[in-house]
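# Structural characterization, general
Here is how the chains run, residue by residue.
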Amino acid sequence: MGFVSEFKEFISKGNVLDLAIGVIIGASFGKIVTSMTDDILMPLLSVFTRGIDFKNMFVTLDGKAYSTLDEAKKAGSAAIAYGNFINAVIYFLIIAFVIFWVVKLANRMKKAPVEVVTVPAPPTTEQQLLMDIRDSLRANRT
């Protein structure tokens, strides 16, 4: 099998196409969640935390004080931006929560598997004869 035909067969498989569609939808979904987090949830969270801006929570390693992380970076100071880490954890928790609900809704919308009840076929004549022999042997033992 040639390389081109092998590649064509690989691309035409359903799993690859499903993965490509999943990546595209996932990227779009990520933008929606980012907007929801930045534009809706973080402002609400700042109300509850009395205006704390996580983006500007950092510690500089040169001992100097800067009012924002951008100022510290422009000055060339090494900074541990733990506020960005807090933001990343909040984003992760929000995305995990939203995905949990999407999966839960998708599972609820799935059709329940149809149970097929099969009626056993009547025994063949050979099976019936064997059962009769078995039953007569049991009757003779007692």
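As shown above, the structure is provided for reference.
Residues numbered from 1 in each chain as written. Predicted model: local features only at pLDDT ≥ 70, side-chain atom pairs only at ≥ 80, totals over all residues. Heavy atoms only, no water.

## Side note on the overall build of the protein chain
Regarding its fold elements, the protein chain presents five helices and two strands. For 142 residues, the compact-globule formula gives about 14 Å, and the C-alpha radius of gyration of the protein chain, at 33 Å, lies well above that figure. Projecting the C-alpha coordinates of the protein chain onto the three principal axes gives extents of approximately 100 × 55 × 30 Å. Put simply, the protein chain has 142 residues, and 10% of those count as buried. Nonlocal contacts in the protein chain, meaning residues at least 24 apart in sequence, comprise 40% of its contacts between residues at least 6 apart. (Helix = DSSP H or I, 4+ residues; strand = E, 2+ residues; numbered from the N terminus. Rg over C-alpha atoms; globule rule 2.2 N^0.38 Å. Buried < 20%, exposed > 50% of the residue type's maximum accessible area, 1.4 Å probe, protein only. Contact = heavy atoms within 4.5 Å.)

## So, a nonpolar patch on the surface
Where nonpolar side chains cluster on the molecular surface, the patch consists of Phe3, Val4, Phe7, Phe10 and Ile11 and spans about 560 Å² of accessible area. Its place among the elements puts Phe3 in helix H1 (residues 3–12). (Patch = residues over 30% accessible without salt bridge, like charges linked within 9 Å, V, L, I, M, F, W, Y side chains within 5 Å. Areas by Shrake-Rupley, 256 points an atom, 1.4 Å probe, with all protein chains shown as cover. Salt bridge = Lys/Arg side-chain N within 4 Å of Asp/Glu carboxyl O.)

## Some remarks on the environment of Ala20
Structurally, the position occupied by Ala20 is in helix H2 (residues 14–48). For Ala20 and Pro43, which are 23 residues apart along the polypeptide, the C-alpha to C-alpha distance reads 34 Å.

## Digging into the nonpolar core
Among the nonpolar cores identified, the biggest contains six residues, and these are Val33, Met42, Phe54, Ile90, Ile94 and Val98. Among the elements of the structure, H2 and helix H4 (82–109) are those that each provide at least two residues to this core. Ranked by residues supplied to this core, first place goes to H4 with three residues. Apart from the residues within four sequence positions on either side, Ile94 is in contact with Val33, Met36, Thr37 and Leu41. (Core = buried A, V, L, I, M, F, W, Y, C linked by side-chain atoms within 4.5 Å.)

## A few points about the packing of aromatic side chains
Applying the stated criterion across every chain yields a total of two aromatic pairs. Ring geometry for Phe97 against Trp101: centres 6.1 Å apart, planes inclined by 70 degrees, an arrangement best described as edge-to-face. Here the residue Phe97 and the residue Trp101 both occupy positions in helix H4, the gap between them amounting to four residues, near one helical turn. Ring geometry for Phe100 against Trp101: centres 5.5 Å apart, planes inclined by 75 degrees, an arrangement best described as edge-to-face. (Phe/Tyr/Trp six-rings, centres within 6.5 Å; stacked < 30°, edge-to-face > 60°.)

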